[in-house]
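# Understanding the architecture of this molecule
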Amino acid sequence: QQQTASGQPAEAQQQQQQQGQPAADAQAAAAGQTAEAVQKQQAPAADAQQPLQQQPSQQQGPQPPQQSSAAAADGDAAAALPVTVRGSDIPDGVRQLMQGHLDFLTSAGQLTVRDMMGPLREYAQVDPYVAYHLWVLVFPIVWATLAKQQQINLAKPIISLLSKEYHQRQAMARPNVVQALLEGISLSQPQPKIPPELIKFLGKSFNAWHIAIPLLESHVIIFPDETRCFDALAELYKLVGEDDMMAGLWRRRCSSNSTRVALSLLQLGMVERAQAVLGELNSQVAAGQIVPSARGETANGEIPRGEMVLWVDSWVQCTKALTQWDVLSEYARATDNIPLAMDCLWRLHEWAPLQQMLVQNQGQMEPAVSSCMLSAYAALKDVDQATANQHIDKGFQYALAKWWQLPDTGCGPQLALLQTFQQLVELRESGRVLVDVSFQNQRPDQQYGDTKDILETWRLRTPNEWDSLIHWQDVLLWRNHIYNVVINAFSNMVEIAPQLHQLGYRDKAWSVNKLGHIAYKHGCPDVCITVINNMYGYNAMEVQEAFVKIKEQARAYLALPLDLRAGLNMLNTTNLDYFAAQHQAEIFRLKALFMAEPGMNDLEGANSALSTALCLWRQCPDAWLSWGQLCDRRYEEAPQSPHALQFLQYAAHCYMQGIKLSTGNPATTGMKTRNEEALMTSLDLLPRVLHLLSFDDKNGVVGDEIQKAVDERSLPPWIWFMWIPQLLTSLTRPEVQRVKPILKQLAELHPQSIYYSLRTFVLSLREAAQRSVQEVSRQKTIIEQQIAAAMAEAKGDDQNEAVIAARAKLSTLTPSPENIAFDAGKEVMERLRQQHPVLGSTMEGMLGEIGSKFVPRPLERLLAVVTALLHRCYKTPAANSSPIPPGLKREMGGVCNACFQGDSSKIQARGMQPSELREGFLADLNPESPGFPHTLGELADKLKSWRNKLQTELEAAMPTSLRLEEECRALQDVQLGDVELPGQYLAGHEITPDSCVYLEAISSNVAIVRRSSSSFRQLSLICSDGKTRHMLVQTGQNMNQGQADERMMQLLRLLNRLLERSPESRRRLLAWHTPIIVPVWPQVRLFEEEPSYCAYGEAYEINCARFGREPDMPIVLFKKRLASPDGSYQQDPDCSLRMAAFNEICDKVVSENIFSQYVYKTLPTCNHLWLFKKHFCSQMALSGLLCYMLLLPGRSPNKILFAKDSGRLFQLDPLPLYSEKGMVERIEVVPYRLTRNLATFFTTFGVEGVFVPAQVAVAAALLARNSNLNAVLCSFFKEDLISWMVRKSRGAGQGSLHISGDTIKGLVVRNTHKVTERLKQFAPSPVGEDEVPLQSIHHQAQEICDAATSPKTLCRMDPTWHPWF
């Protein structure tokens, strides 16, 4: 009972039985007691449970000692400090206090369970959650104590209890009895077999969705051939809107490869191709070529009936999305599908058949929201508002009742109902419009204010762009019917009230164009063309909407490579006389896009069309940007041609003009509003502009164009917010004079956007610049001495050859790039402080306090060093009996000198004096001491002992939080004033005074965050928007590592922009987590991290502490199995030894459900668990894709951080490694981390339905048409390669390094190409428009996923990577 009260589910009990650990020992671990003490106290309980469990010696090898190293350390400290106080010395008051406490402990120890049950009964009457949790905790324990026959005999009564009708009285209660019963059953081992139909009914009727779904998932895994479990689980997935999970379920179940192809196409939104595949399958069924299985199961090549039903349902959904309602209507009549037929009739405006069907099936229709809406449609057609309102009210009641039955967390299940509520609201508003315009005696002086307001509101109340096409049609098709009514009502007012006459035309044209645009966004260009051509139905249309119609049609044709000529003909036959100059310019730009397509490749014609567009309207930003892209393309195709330089200059000029017009103030550019589409394109082109600037020619044509725009102050400074790191790096490059004016503008207008990075940049170059100045001065002195000596030898002859050569050598002395960059950065900083002296002083004082006062204490740093050294021991590819490598010895000596040289009294420990700590550490770990270990295993044991000792000291001595006034009084008293939130400029958005977030205060509590033996201080920043941001003060960071993390976050922010534009990735909420990273000093930074974040390895460490197991035991065991007698690793070409060791650890040491148990105990309810699982699965998919793209190594458990409240994920130290040739190098055999515990937590359906499709959706979004992925990757690799080359030169002792621009450019292009090729392995394979893929578009991503989970691959990983976890 103690064990279960601590939150242990039944899986943990099963794990104890598998590992052979007695239940009393596990209870002792949960209660914090040693195993020996509990065995003495609870021997009868252990004996009573002995028949149900195996002895440890029967299943495991030698057991680790039960006494923890922390207890041993405490014992050593107690032995070192014996107690010498006599009893007579204790005062009477203290004696009485101790005696009273002893009496209390004695009385409390005599309490029994009976004494506790009374208060629990009273609490259960007051709070139902007490009874709920008690049942969930107690039932699995009681169930485990029963004999197998008793469990079998109780199964039928449990089913009978769950089937009782009186449970319906609690269907609306939260919590209810059924939820408690089901959750208790789900945690029991072995689970009683309950009919899947009953679980499904209870799950959807009693709001136990996410209790029933895992229960059915386990049933499907245990009984894979039982179709009843499968059907029940599929229905629950469908009811809660988990389409991806249902696709993963069917992918495991289906027998036809065509089904997998269709499912993969549907998941990626390729509706047209999916409809073709499904239509062919249904045709084969109708022709008798495919025979359904008689019993519903797969046999002799037959297809289960359930799979055929899936084909039909999916085909219907595809046909709805493609607006083929006439086809669906014929199908519904042929199959006598009355609900589908009525759903088609109102969309086809066939009201008479719809009303007839409603009358004929009035008593047979199921009471639901859909039937109420159909009746409301028919009533509103007859302008019967009273009847329509009655049906609408019933629809609201049904929808609200259904809403209450859905899970109370998340938004996925409620999304369909939210869309239904919108339709119901608009139905009620439609009644008001119909009443308003239905008067026979319309007067031109009547205002029709209600109608105008409703129609204007409808324009603003549109679904999200990533919502399904079916929902967009549901909303806009009904609106079109209302627009038709409005148009007919005011058709005779063209002369007396023209504004009323145009009321319906304008809105209907807008809605048709909007639906076409959404179809294009969803990858259905044919649907876009069909909707725009056929849905409007009138000849009259406003000029603006007519232009939008042409533009949407042209976009759709551009997405169809086989119809490019048709699209160009459509533009050529357009009568331009009706359009204004800006519209004509845009049409000529569209013509140029068609001509520049690879299918036509008329570059000269495109150039001429763009020239005509800008002659018509010079303020067209889209035309400038398109012209720049065309010139840039011609430059890249032939960079060595005679005209290449000219094309490069044209491209830079056009880019600057387009960016200036799209990002500037609309009033100054001659436009009414800002062109959002051109703005987005401009921001996408900025990395390309900076790339061209970095590799500019010797004449500087790109730099000249940029400098002109900067000098004119025509570019808003906010467009450079995201690119400040690149601009600072350019200070060390030849383009320093081009970027310095940009940085000065930022320092003047937005000082806090640049202050943190600029300050750290200048400080990091200070020492290098000083050394460079000294070196130049030394060389100058030597050369001057040589000149004087030559002059003396030549008797004052200036024309002497030696004098001329020495003076020529003197003229070649120039400052180093570091010195130039330092002077430029210092100049920008001086400009900032001149313009903002008070702000600069305040921020300098604040950063100085943060960088100096919130550093770990010496004992914490020593613990981090010891842990790092222990990790080095484990990573060394040698057995424990092998001698210590010389390099590791030298490192140990350096650590001892660095940590204990000089005054060691700063290292304070609770149980030891500083001298004792120093002497003990040096005696054990100093290579020069006689007690230094001789073998690698002995050294690891010593380090492990000191790690445990230091951890015990820190846990006992250090509090969980500190007081700000005690740690840094100056920071508490600082007047923040106009200090803004650090890092808010990193997203690259425009920051206005209204949207700027300021710091109000710093919280008085400074938390201490310990993770992987490292300690950080966490500051809580209270901001003006009412939110509190938590920032870790990370010290001891390498400057290059900090810059690499900032580059990676910048890359992910840019990639997130691409994901936001894709409906498939946006619908799944796919985005990399990009916390704020702000440099404070070269080795100190602020890192945004919520308190709920923890390391993935924490789950394993908690599990080890719970069962008294050493966390490093699997590593030691793995190395032991690979060791040879001489201490080296054995030859293992086929990895048989590794596989055997890996399987042994998986079977006996590390189970596959550790992480699942950890998450279950951490989260409050099953609903929260489901949301966390789904989001965490998507985040791990994104992480895996990034690791495979950039070949990021070292994804060990302690480098994966996740938020327990949201599932967001962050990777520590995501650094790509380069070979000697400067190419990203792969050093690990696994593509990314998807180990046993993760795969078990996600389930097979989650891996195939959520994980893999998320990677495919992201790859498709990044490689989409008009994506700027190449420019983004080039920007990333340019910065990363320059940093890598500088580190490499400094490591070789070469000092300042002059890197050739051509060398860097070649490496950047090649690395970018390799990353793109790896990304294409996840994206759908390109096929023709009319071709159907022969295999699932997920197959390549699935193969990579299989390699990540394969034991043959995992066993080849380093043991410190923990492949078994």
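### Details of the overall build of the protein chain
Regarding its fold elements, the protein chain presents 63 helices and ten strands. Considering only contacts within the protein chain whose residues lie at least 6 apart along the sequence, 71% involve residues at least 24 apart. Split by element, the accessible area of the protein chain, about 62,100 Å² in all, is 53% carbon and sulfur.

### Considering the pairing of strand 3 (residues 1005-1011)
Looking at chain direction, strand 1 (residues 961-963) and strand 3 are connected through three bridges and run antiparallel. Bridge pairing links S961 to A1007 in strand 3. Two strands pair when backbone bridges link them, and strand 3 and strand 4 (residues 1014-1023) are joined in this way by five bridges, in the antiparallel orientation. Bridge pairing in strand 4 places A1007 opposite Q1018. The turn linking strand 3 back onto strand 4 is made up of two residues, and S1012 within it adopts a positive phi angle of 55°.

### Describing unusual backbone geometry
Note the cis peptide between R174 and P175, where omega equals -5°. Relative to the elements of secondary structure, P175 occurs in the loop between helix 11 (148-162) and helix 12 (177-186). Here Q189 and P190 are connected by a cis peptide whose omega angle stands at -5°. One can find P190 in the loop between helix 12 and helix 13 (196-205). The backbone of L1069 shows a phi angle near 60°, a positive value even though the residue is not glycine. As for its position among the elements, L1069 is in the loop between helix 53 (1063-1067) and strand 6 (1077-1081).

### Overview of the packing of aromatic side chains
For any pair of aromatic rings, geometry is given as the distance between the ring centres together with the angle between the planes. Summed over all chains, the structure comprises 39 aromatic pairs. With a centroid separation of 5.4 Å and 85° between ring planes, the pair formed by Y505 and Y538 is classed as edge-to-face. Here the residue Y505 occupies a position in helix 29 (residues 503-521), and Y538 occupies one in the loop between helix 30 (525-534) and helix 31 (543-558), the gap between them amounting to 33 residues. Y505 gets classed as buried once you look at its relative accessible area, which sits at 11%. The structure contains a cluster of three or more aromatic residues connected by ring pairs, namely Y1096, Y1100, F1155, Y1158, F1172, F1176, F1202, Y1232, F1241, F1242, F1251 and F1365. Above the ring of W466, the side-chain terminus of R1066 is found at 3.9 Å from the ring centroid. When the ring centre of F1241 is taken as reference, the NZ or CZ atom of K1173 above it lies at 5.7 Å.

### Focus on the sheet that holds strand 9 (residues 1200-1203)
Strand pairing in a sheet takes place through backbone hydrogen bonds and is either antiparallel or parallel in direction. If you trace the three strands from one edge of the open sheet to the other, you get 8-9-10, paired in antiparallel fashion. The two strands at the open ends of the sheet, each matched to only one other strand, are strand 8 (1093-1095) and strand 10 (1209-1211). The sheet shows a mean angle of 25° between the axes of neighbouring strands, direction not considered. One ladder, built from three bridges, connects strand 8 with strand 9; its direction is antiparallel. Bridge pairing links C1094 to F1202 in strand 9.

### Here's the deal with the side chain of R479
Note on placement: R479 falls in helix 27 (residues 469-489). Not counting chain neighbours up to four residues away, the residues in contact with R479 comprise Q422, E426, W458, R459, R461, T462 and W510.

### Observations regarding the environment of A489
Its place among the elements puts A489 in helix 27. On a C-alpha basis, the gap between A489 and L500 in space is 9.5 Å, while along the polypeptide they are eleven residues apart.

### Concerning helix 36 (residues 644-663)
Here helix 36 is 20 residues long and its end C-alpha atoms lie 28 Å apart, about the 28 Å a rise of 1.5 Å per residue gives. With 15 of 20 residues buried, helix 36 is to be regarded as a mostly interior element.

### Things to note about the pattern of salt bridges
Inspection of every chain in the model, using the stated rule, returns 60 salt bridges. When the shortest N-O distance is used, the salt bridge between R252 and E1248 registers 3.1 Å. Of this pair, R252 sits in helix 16 (residues 243-253) while E1248 sits in helix 59 (residues 1236-1262), and the two are 996 residues apart along the sequence. Look at E1248 and you get buried, because its relative accessible area is 11%. For E965, the salt bridge goes to R963, with nearest N and O atoms at 3.3 Å. Linked through salt bridges whose partners overlap, the residues forming this network are K551, E552, R555, E586, R589 and E677.

### Here's the deal with a nonpolar patch on the surface
Together, I90, V94 and M98 line one region of the surface with nonpolar side chains, adding up to about 250 Å² of accessible area. Examined against the element boundaries, V94 turns out to sit in helix 8 (residues 92-109). V94 sits in the partly exposed class, given a relative accessible area of 39%.

### Concerning the pairing of strand 5 (residues 1028-1035)
In terms of burial, strand 5 is a largely internal element, seven of the eight residues being buried. Pairing geometry for strand 4 and strand 5, over six bridges, is antiparallel. The residue of strand 5 that forms the bridge with I1022 is T1028. Hairpin connection of strand 4 to strand 5: four residues between the antiparallel strands, including G1026 at a positive phi of 85°.

### Some words on the packing of helix 31 against helix 32 (residues 564-572)
Contact geometry for helix 31 and helix 32: axes closest at 8 Å, N-to-C directions at 160°. One element, helix 31, and the other, helix 32, form an angle in the roughly antiparallel class. The hand of the helix 31/helix 32 crossing is left-handed. When helix 31 is examined against helix 32, the residues I550, Q553, A554, Y557 and L558 are found in contact with a partner set consisting of L564, A566, G567, M570 and L571. When its residues are assigned to classes, the contact of helix 31 with helix 32 shows eight nonpolar, two polar and no charged.

### Some remarks on helix 15 (residues 227-239)
With 13 residues, helix 15 should cover 18 Å at 1.5 Å per step; its first-to-last C-alpha distance of 18 Å lies within 8% of that length. Taken together, the buried positions of helix 15 are occupied by T227, C229, F230, A232, L233, A234, L236 and Y237. In this fold, the buried residues of helix 15 make contact with helix 13, helix 14 (209-222), helix 16, helix 58 (1166-1190) and helix 59. Of the residues trailing helix 15, G241 is marked for its positive phi of about 75°.

Rules used throughout
Residues numbered from 1 in each chain as written. Predicted model: local features only at pLDDT ≥ 70, side-chain atom pairs only at ≥ 80, totals over all residues. Heavy atoms only, no water. Helix = DSSP H or I, 4+ residues; strand = E, 2+ residues; numbered from the N terminus. Contact = heavy atoms within 4.5 Å. Areas by Shrake-Rupley, 256 points an atom, 1.4 Å probe, with all protein chains shown as cover. Pairing = 2+ DSSP bridges. Phe/Tyr/Trp six-rings, centres within 6.5 Å; stacked < 30°, edge-to-face > 60°. Buried < 20%, exposed > 50% of the residue type's maximum accessible area, 1.4 Å probe, protein only. Lys NZ or Arg CZ within 6 Å of the ring centre and 35° of its normal. Axes fitted to C-alpha atoms, helices over the stretch in contact; angles between N-to-C directions. Expected span 1.5 Å × (residues − 1). Salt bridge = Lys/Arg side-chain N within 4 Å of Asp/Glu carboxyl O. Patch = residues over 30% accessible without salt bridge, like charges linked within 9 Å, V, L, I, M, F, W, Y side chains within 5 Å. Parallel < 35°, antiparallel > 145°, perpendicular 65-115°, else oblique. Left-handed = near helix turned anticlockwise from the far one by under 90°. Nonpolar A, V, L, I, M, F, W, Y, C, P; charged D, E, K, R; others polar.

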